[in-house]
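One letter stands for each residue in the lines below.
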Amino acid sequence: QVQLVESGGGSVQAGGSLRLSCAASVSGSFFKVNFMGWYRQLPGTQREFVARSTSSGVTNYADSVKGRFTISRDNAENTVNLEIRSLSPEDTAVYYCNANVWTPSTGSVTYWGQGTQVTVSS
C-alpha cells in the first residue's frame, strides 16, 4: 500500500556532497503524507534521527548534522530529499527514509525505506 523508494546513495570522497531522494508511493487517491524524514545508522550504533520535514514545511535537524544537511520536501510529488555537504568519513552510515501516511482506513502509520548506504572515503 505504501512504499518508500530511495535513491542517491553511494560512495563519495570526503569533502564532497550527496543528494539522497525518497519518494512515497501510496495506493489510492485519498491520503495525506504527514512528516517525511531521514534517519541514519552509523556502524555499531542504533538508528538515530537526522532530519524531518512536516507537511507544512517545518524542519528539524539533529545537532550533529545541523549546518551541513538540508532537508527539502515536495508535497506534490510526495518526495523528500536530503542534501549533504562537506561529507566526512564520520557520515558513513545507512540512511533511512521514513514517512507518516494517513488514510481513512489505516489512520496514521509510519513507514520506512529499506535504507541506502553512504560511504565516505578519506
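Refer to the preceding data block for the structure.
Bear in mind that the values here come from a model prediction, so they are computed numbers and not experimental data.

(A) Structural view of the overall build of the protein chain. Summing up its helical and strand segments, the protein chain has zero helices and 11 strands in all. Counting from the amino terminus, helix and strand elements in the protein chain follow one another as β-β-β-β-β-β-β-β-β-β-β. Taking 2.2 N^0.38 as the reference for a compact globule, 122 residues should give roughly 14 Å; the C-alpha atoms of the protein chain span a radius of gyration of 14 Å, in line with that estimate. When its C-alpha atoms are laid out on the principal axes, the protein chain stretches across 50 × 25 × 25 Å. Per-residue burial over the protein chain gives 41% buried out of 122 residues. Taking all contacts inside the protein chain whose residues are at least 6 apart in sequence as the whole, residues at least 24 apart take part in 55%.

(B) Molecular detail of unusual backbone geometry. Positive phi outside glycine occurs at Asn-78, with the angle close to 55 degrees. Relative to the helices and strands, Asn-78 resides in the loop between strand 7 (69-74) and strand 8 (79-84). Its relative accessible area of 15% is what places Asn-78 among the buried residues. Positive phi is not limited to glycine here, since Ser-86 has a value of about 50 degrees. Overall, Ser-86 belongs to the partly exposed group, its relative accessible area being 40%.

(C) Spatial organisation of the sheet that holds strand 7. Strand order in the open sheet formed by four strands is 1-3-8-7, with antiparallel pairing between adjacent strands. Strands with a single pairing partner mark the edges of an open sheet, and in this sheet they are strand 1 (2-7) and strand 7. Across this sheet, the average inter-strand angle for adjacent strands is 15 degrees, counted without regard to direction. As judged from the six bridges shared by strand 1 and strand 3 (residues 18-26), these two strands associate in the antiparallel manner. Considered in strand 3, the bridge of Gln-3 is made with Ser-25.

(D) Examining the side chain of Thr-79 more closely. Structurally, the position occupied by Thr-79 is in strand 8. For Thr-79, a relative accessible area of 17% gives the class buried. Not counting residues up to four positions away in its chain, the partners in contact with Thr-79 are Cys-22, Ala-23, Met-36, Ser-72, Arg-73 and Asp-74.

(E) Region of the structure containing the pairing of strand 8. Most of strand 8 sits inside the fold, with five of its six residues counted as buried. Relative to strand 8, strand 3 runs antiparallel, the two sharing six bridges. Bridging from a neighbouring strand, Leu-20 pairs with Leu-82 of strand 8. Two elements, strand 7 and strand 8, share six bridges in a ladder whose sense is antiparallel. Each residue of the ladder has a partner; that of Asp-74, found in strand 8, is Thr-79.

(F) Spatial organisation of the state of the cysteines. Using the criterion set out here, one finds one disulfide in the structure. Two residues share a disulfide in this structure: Cys-22 and Cys-97, whose sulfurs sit 2.1 Å from each other. Here Cys-22 and Cys-97 share a disulfide; its torsion about the S-S bond, -75 degrees, makes the bridge left-handed. With Cys-22 in strand 3 and Cys-97 in strand 9 (residues 93-103), this pair connects stretches of sequence that are 75 residues apart. With relative accessibility at 1%, the residue Cys-22 sits in the buried group. For Cys-97, a relative accessible area of 0% translates into the label buried.

The rules behind the values
- For every chain, the first residue of the written sequence is number 1, and numbering continues from 1 along that sequence.
- Given that this is a predicted model, residues contribute local features only at a pLDDT of at least 70 and side-chain atom pairs are listed and counted only at 80 or more, while totals for whole chains, interfaces and linings are drawn from all residues.
- Only hydrogens and water are set aside when side-chain values are computed; all heavy atoms of the structure are taken into account.
- A run of H or I in DSSP becomes a helix once it reaches four residues, and a run of E becomes a strand once it reaches two; helices and strands are each numbered from the N terminus.
- To get the radius of gyration, use the C-alpha atoms; to get the globule rule, take the number of residues to the power 0.38 and multiply by 2.2 Å.
- The classification of residues rests on relative accessible area computed with a 1.4 Å probe and restricted to protein chains. Under 20% of the type maximum is buried, over 50% is exposed, and intermediate values are partly exposed.
- Residue contacts follow a heavy-atom distance rule, with two residues in contact if any of their heavy atoms lie within 4.5 Å.
- Two strands qualify as a pair provided that DSSP identifies no fewer than 2 bridges between them.
- Every axis in this analysis is a line fitted to C-alpha atoms, fitted for helices over the stretch in contact. Angles between the N-to-C directions lie between 0 and 180 degrees.
- Note that a disulfide, as used here, is simply two cysteine sulfur atoms within 2.5 Å.

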